[in-house]
Amino acid sequence: MSKENNNNQYLLFLVGGDLYAIEALKTSEIVEYSHVTKVPLMPSFVKGVTNIRGNIVPVVDMLNRIGIGETSIGEKTSIVVINHLDDGDITQMGILIDEVYEVDYIQPENTKPKPDFGAKFDKKFIDKMGKYEGNYITILDTQALLNIEELSKN
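Figured I'd write up the structure that's included with this text. (Residues numbered from 1 in each chain as written. Predicted model: local features only at pLDDT ≥ 70, side-chain atom pairs only at ≥ 80, totals over all residues. Heavy atoms only, no water.)

1. Quick look at the overall build of the protein
For clarity, the cut-off: Under the scheme used here, helices are H or I runs from DSSP no shorter than 4 residues and strands are E runs no shorter than 2 residues, and both carry numbers assigned from the N terminus. Each residue gets one of three labels from its accessible area relative to the maximum for its type: buried under 20%, exposed over 50%, partly exposed in between, using a 1.4 Å probe on protein chains only. Two residues form a contact once any of their heavy atoms are found within 4.5 Å. In these tables, accessible area is a Shrake-Rupley quantity obtained with a 1.4 Å probe, and a residue counts as shielded only by the protein chains included in the view. In summary, the charge assignment counts Lys and Arg as positive and Asp and Glu as negative, without counting His or the chain termini. A single reference atom marks each charge: NZ on Lys, CZ on Arg, CG on Asp, CD on Glu.
Of regular secondary structure, the protein possesses three helices and 11 strands. Ordering the α and β elements of the protein from the N terminus gives β-β-β-β-β-α-β-β-β-β-β-β-α-α. Expressed as lengths along the three principal axes of its C-alpha atoms, the size of the protein is roughly 45 × 35 × 35 Å. Looking at the protein as a whole, 40% of its 154 residues qualify as buried. When contacts within the protein are restricted to residue pairs at least 6 apart in sequence, long-range pairs at least 24 apart make up 54% of them. When the accessible surface of the protein is totalled, it reaches about 8,400 Å², and 48% of it is carbon and sulfur. Here the protein contributes 15 positively and 23 negatively charged side chains, and the mean placements of these two sets differ by 4 Å.

Structure below.
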């Protein structure tokens, strides 16, 4: 299989000191953190909404969503805009990250199923594990992370 296959391309980023990945094809852009307007009656992991190129985009704090802390806003904090599929419709949603690491390839032969135990957080948020530069990193399941029904609960 060709290394250039975009299905094997991942966005790698740091959150809470750990390296995570999501499929690059699911992202539409990465923007510098800017003002997020709070929305009343939303779960704590929904930080609010922000305006990205005229679109109102909900912003989810990934660390808070998976239940292991809160993202501190710093100099390199960014919002990864993800094209989230919900009931056949694509909705743009953002996840708050500490810092973009890079975009790189992880070949299928370097991936393993998600672990049955030993994860720092609920395994429903894990798609699989990927071997990157000799270490396994968590490849997140964006469908679970950005589940609209769960995000709408208060």
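Structure's up, so let's keep going.
2. Quick look at the nonpolar core
So the rule is basically this: For the purposes of this section, nonpolar cores are sets of buried Ala, Val, Leu, Ile, Met, Phe, Trp, Tyr and Cys residues that join through side-chain atoms within 4.5 Å.
Core analysis: the biggest nonpolar cluster contains 24 residues, and Phe13, Tyr20, Met62, Ile95, Leu140 and Leu145 have the highest contact counts within it. Mapped onto this core, the elements with two or more residues apiece are β1 (9-15), β2 (18-23), α1 (62-65), β6 (78-86), β7 (89-97), β10 (126-132) and α2 (142-145). Val36, Val57, Ile79 and Val81 belong to the second largest nonpolar core, which has eight residues in total.

3. Topic: the environment of Thr142
Here Thr142 is to be found in helix α2. For Thr142, a relative accessible area of 2% gives the class buried. Among all residues touching Thr142, those that are not within four sequence positions of it are Ile22, Lys26, Ile82 and His84.

4. Examining the pairing of strand β4 (residues 46-52)
Applied cut-off: In this description, strands pair whenever DSSP reports at least two bridges between them.
The buried fraction of β4 is high, at five of seven residues. By the bridge criterion, six bridges tie β4 to strand β5 (residues 55-61) in an arrangement that is antiparallel. Counted as the bridge partner of Val49 is Pro58 from β5. The hairpin turn running from β4 into β5, its antiparallel successor, is two residues long, and Arg53 in that turn takes a positive phi close to 50°.

5. Looking at the sheet that holds β7
Selection criterion: Geometry is summarised by axes, namely lines fitted to C-alpha atoms with helices restricted to the contacting stretch, and by angles between N-to-C directions that run from 0 to 180 degrees.
Reading across from one edge, β3-β6-β7-β5-β4 is the order of the five strands in this open sheet, with mixed pairing throughout. Two strands close off the open sheet at either side, each with one partner strand: β3 (27-32) and β4. Adjacent strand axes in the sheet meet at a mean angle of 35°, parallel and antiparallel pairs treated alike.

6. Focus: the pattern of salt bridges
For clarity, the cut-off: By salt bridge we mean one thing: a side-chain nitrogen of Lys or Arg within 4 Å of a carboxyl oxygen of Asp or Glu.
Applying the stated rule across the entire model yields five salt bridges. When the shortest N-O distance is used, the salt bridge between Glu23 and Lys26 registers 3.8 Å.

7. A short note on the environment of Asp86
In this structure, Asp86 sits in strand β6. Separated by 57 residues in the primary sequence, Asp86 and Gln143 have C-alpha atoms spaced 8.4 Å apart.

8. Looking at the sheet that holds β2
With mixed pairing, the six strands of this open sheet are ordered in space as β8-β1-β2-β11-β10-β9. Among the strands making up the open sheet, the edge pair consists of β8 (99-105) and β9 (111-113). Between one strand axis and the next, the sheet turns through 35° on average, direction left out of account. Pairing of β9 with β10, which is carried by three bridges, proceeds in the antiparallel orientation. Residue pairing across strands places Lys112 opposite Met129, the latter belonging to β10.

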